[in-house]
Amino acid sequence: MIAHPRPRLLAAGALSLVAVLALSACSGSTVEPDASATPVDGGTLVYASGDAEPDCLDPHVGGNYPQALLATQVLEQLVSRDAEGTIVPWLAEGWELAEDGLSMDVTLKPGVSFTDGTPLDAEAVARNIAHLQDPDTGSSTGYLALERVERVEAVSDTVARFVLSEPDSALLESLAQPWLAIQSPAGLDRGTDENCLAPIGTGPFIIDDWVKQDHISLVRNDDYASAPADADHDGPAHLEGIIWRFLPDATTRYAALEAGDVDVIDNAQPDAVARAESDGGISDIDAPRPGSVNRLELNSGQAPFDDERVRQAFLAAVDVNPGIESLFAGTAARSYSPLSSAETAAYSDEAPFAVDVERAAELLDEAGWDEVGSDGVRSRDGQRLTLRLPVSTNQSIPAEVSLFEQIQAQAAEVGFEVTIDQLDLSSWYAALGANEYELVSAPYTKLGPDVLRILYHSDGIVPAPSGYFANHAQIDDPELDDVLDRASRSQDADERSELYTAAQRTILEGSYILPLYDQQNHFLVSDDVAGVRATDTVSTVWLGDAWLVG
Amino acid sequence: MWAAATAVFVAVSLIPGDPVEAALGGPGSQASAATVEATRERLGLDRPLIVQYFSQLLRMATGQWGDSYAQRIPVAEVIGQALPATAVLAVAALLAAWAIALTLTVLAALGGRRGRLVTSAVGMVAASLPHFWLGLVLVAVFATGLGWLPAVSDGGGAGLVLPVLTLALPLGGYLAQTMLDGVADAEATAFALSARARGERRGGLLWRHTLRHAVLPAVALSSWAAGTLIGGAVVVETVFARPGLGRVLLSAVTQRDAPVIVAVVVVTAVVFIVLGFLGDAAARWVDPRGREATSR
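Residues numbered from 1 in each chain as written. Chains lettered and ligands numbered in written order. Predicted model: local features only at pLDDT ≥ 70, side-chain atom pairs only at ≥ 80, totals over all residues. Heavy atoms only, no water.

What follows is about the overall build of chain B. Check the secondary structure of chain B and you find 13 helices and zero strands. Walking chain B from its N terminus toward its C terminus, one meets helices and strands in the order α-α-α-α-α-α-α-α-α-α-α-α-α. For chain B, buried positions account for 51% of its 296 residues. Partitioning the contacts of chain B with sequence separation of at least 6, the portion at a separation of at least 24 is 71%. For chain B, the computed accessible surface area is about 13,500 Å², with 68% contributed by carbon and sulfur atoms. (Helix = DSSP H or I, 4+ residues; strand = E, 2+ residues; numbered from the N terminus. Buried < 20%, exposed > 50% of the residue type's maximum accessible area, 1.4 Å probe, protein only. Contact = heavy atoms within 4.5 Å. Areas by Shrake-Rupley, 256 points an atom, 1.4 Å probe, with all protein chains shown as cover.)

Residue and element names in this part refer to chain A. Two elements in contact, helix 16 (residues 478-489) and helix 17 (residues 493-509), have axes whose closest approach is 9 Å; the angle formed by their N-to-C orientations is 155 degrees. Compared by their axis directions, helix 16 and helix 17 come out roughly antiparallel. The two elements helix 16 and helix 17 cross, and the hand of that crossing is left-handed. Facing helix 16, whose interface residues are Leu 480, Val 483, Leu 484, Arg 486, Ala 487 and Ser 488, helix 17 presents Arg 496, Leu 499, Tyr 500, Ala 502, Ala 503, Thr 506 and Ile 507. (Axes fitted to C-alpha atoms, helices over the stretch in contact; angles between N-to-C directions. Parallel < 35°, antiparallel > 145°, perpendicular 65-115°, else oblique. Left-handed = near helix turned anticlockwise from the far one by under 90°.)

On to the side chain of A:Ser379, then. When you line up the elements, A:Ser379 lands in strand 15 (residues 378-380). Classification of A:Ser379 as buried rests on a relative accessible area of 13%.

The feature "transmembrane region" (unreviewed entry), as given by UniProt, occupies residues 87-111, 132-151, 157-176, 215-240 and 260-279 of chain B in the numbering adopted here. Between the C-alpha atoms that bound residues 132-151 of chain B the distance is 14 Å, and the span itself is 70% helix and 0% strand. (UniProt positions renumbered as here; feature names shortened; annotations may be inferred.)

Residue and element names in this part refer to chain B. The domains assigned to chain B are domain 1 (1-62) and domain 2 (75-286). For domain 1 and domain 2, the distance between their C-alpha centres works out to 36 Å. Of the residues lining the interface, 12 residues belong to domain 1; the matching set on domain 2 comes to 11 residues. The junction of domain 1 with domain 2 conceals about 1,100 Å² of combined surface from both sides, 79% of it contributed by carbon and sulfur atoms. Looking only at domain 1, the three residues that lose the most surface to domain 2 are Met 1, Val 8 and Val 12, adding up to 40% of its buried area. At the junction of domain 1 and domain 2, the tally comes to zero salt bridges. (Domains from an automatic or database assignment. Buried area = accessible area lost by both parts, 1.4 Å probe. Salt bridge = Lys/Arg side-chain N within 4 Å of Asp/Glu carboxyl O.)

Time to look at the confidence of the model for chain A. Confidence in the prediction of chain A, expressed as mean pLDDT, is 91, and 93% of residues score 70 or more. The least confident element of chain A, judged by mean pLDDT, is helix 1 (residues 14-24) of chain A at 40; the most confident is strand 7 (residues 159-164) of chain A at 98. (pLDDT = per-residue confidence, 0-100.)

This part covers the packing of aromatic side chains. Residues and elements named next belong to chain A. Summed over all chains, the structure comprises nine aromatic pairs over all chains. Here Phe 328 and Tyr 517 contribute two aromatic rings whose centre-to-centre distance is 4.6 Å and whose plane-to-plane angle is 50 degrees, an arrangement assigned as tilted. Linking Phe 328 in the loop between helix 11 (321-327) and helix 12 (357-366) with Tyr 517 in strand 20 (residues 513-517), this pair joins segments that are 189 residues apart in sequence. Of the two residues, Phe 328 and Tyr 517, neither departs from the other in class, the shared state being buried. Pairing Tyr 336 with Phe 353 gives two aromatic rings, centres 6.3 Å apart and planes at 40 degrees, and the pair type is tilted. One end of the pair, Tyr 336, is in the loop between helix 11 and helix 12; the other, Phe 353, is in the loop between helix 11 and helix 12, and 17 residues separate them in sequence. An aromatic cluster is built from Phe 305, Phe 314 and Phe 416, whose rings are joined through pairwise contacts. The cationic tip of Lys 212 hangs over the ring face of Trp 210; the distance from NZ or CZ to the ring centre is 4.6 Å. The cationic tip of Arg 289 hangs over the ring face of Tyr 65; the distance from NZ or CZ to the ring centre is 3.5 Å. (Phe/Tyr/Trp six-rings, centres within 6.5 Å; stacked < 30°, edge-to-face > 60°. Lys NZ or Arg CZ within 6 Å of the ring centre and 35° of its normal.)

Our next topic: helix 1 (residues 2-14) of chain B. All names here are of chain B. With 13 residues, helix 1 ought to run about 18 Å at 1.5 Å a step, and its terminal C-alpha atoms sit 18 Å apart, in line with that. Residues of helix 1 that are buried include every one of Ala 5, Thr 6, Val 8, Phe 9 and Val 12, and no others. The buried residues of helix 1 all sit within an arc of 165 degrees when viewed along its axis, so they share a single face. Looking at the buried positions of helix 1, the neighbouring elements they touch are helix 4 (49-61) and helix 12 (258-286). (Expected span 1.5 Å × (residues − 1). Arc of directions from axis to C-beta.)

And the structure:
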């Protein structure tokens, strides 16, 4: 899934306000809850999301992160992934791949029912996959994950057979994503408009009411009995209910948490995370999203970055470490990998990113960019060495925009002219679609290393019908394509991991990207709440084990 | 209204971005060709632009607002859910702004030269405060610092205080400046001088004579001001997480949700027109000269 829109309209001024807030904050409880205490049942937790309010709560429709956050409380998937990166049972208790890799039999947990009473059976799974693949559903993320699934057949009540067009080593990882959650067929039968308002699942909570622009109220599923293998406890949730609010402004969201009006917030900004750490009473859950890291992609499809030396010069000219350390207040670690640290397959290499300003200048001279104008900008045959960097204000938080400004200044030292253009999401995609960029930051969330195929296979240069294409670095390397294709079909875990390592090496050594840090995803939790954790699938918050401390 | 609807329709068609994407999980959707086609057809976006335009006008004229592209519910419902909250906010802010402006004006008139200087400075500073900054400062002081008021809307009266103040302070400052100018002008007229000569005190002069003059331009401005409050609502509703038209408009623009954008603009235009009439009526009530002029 493409990193989703977040309301950032007002975030820019928030940084300047930190000082004011720090001065005015004189409270700050230091009560430490006993983490080993026995869970208490009852009470309602207030969750405040900084993400845009979803238009549709059924994650099959479209498929973005705000939908996944809520769906995690209500709907469940066939499998989950644990902290070690191993796929573990959830609604499915087992699975078996055919020898030719062209089909997989999934055995369902017995005795599970949706909250409307409909039993979970193989037909229900088949119905869900068909729903995701039906153009009228309007699925984007889930649909893409099922590319190689031809159909699902019910072999028996409890065994569903996934029939594939070609082997897919990422299938289980795909099925672990909330966008492929299994819903009640009776719920789906109500039609998209109604199902969007309150999808029906098997999860620990049930959607009770949705007051648009205000909140969604969830109540406990008292019959809950299908916790994933990585959950802390079986059976119904401790909480009686959840009030799910939307607080788009980062500063007021944090103020509401501090005041005790809400118990958990997401999209916590670096300044808030740093402040929570020093003030106490609030703890941080650092849950980087899976898939890609946040990185600058260098468009190798056109001049000047079609010349590898110019790409190398850019990477040698910019030193992002001090900026990341200061702008993110120590809350984000530098990455040297194309993959998120949430992926066990991530391969890191610092060498291609060694800073050497003199070497950068030499490389540019060699590449013919040796005329330096009075403004310090290099040119070649009258062409200025300009790098356009369109920035989506929905996706890049203020700290990241500031980092780009530092990069702009550093690159100028060796003669690059970086132009930063802050755009709203639609205009930003339009700029990418029109190839009007040399640099771009476009993080991508997907479970497992197969995200590399989406982002760096030459197929990803071909635009989707919407005009979107995922390979912004525009890497067109038949050898890399072959490695990624083989990895995605591989039946052997070791071979798969070797192939993905090789692919990452090619990407890093080819100077196509400048990795920055994991996709930041911080939840701040009041010490009045215990048992909150982020999932090891797409790092959404899991409240099925949470309880309110005395 | 026709002009407003047409202008918005043209503007929405011209800005980059495809509303189909809004319905498919946001811009940059990777939905298949079949999905994009099916959605385009569902939304009626496969028809030529001119047909879309006339069908939209026709629907509006007959009171059929259509469905939101993104939210999949009737536009009337979207507006209906949001309008009351914004109306409460705007009316409360307008009343508060008037209270602030009148207080400042009275203080200035009674406080002599120095009082006038101080209050006009206060009014000027208040008038230039940006909503966004002011809102966050109020949160920092009254919610985080003093803990008197909730930082975000809680559905009750306490949650309304900070959003209303955020909108009312700059507007009140602006209205106060207008009133102070009005008082100053009125005091320089012959009738004010003769009243003073008769021995009228400052307070009496203000109450019986000059305030009426000062209030007139502010009344005329208020209908305009109420309209701008809807703009301010975009910021205030986001900062304080209040439901309302401002947030509806913001997310609709982000998603290129044309039916919703057009509806919000048309509703705003209607509010402007109604307020214009009300403003005229109020001005006539305050100013007897106008009444006589029209009755003749």
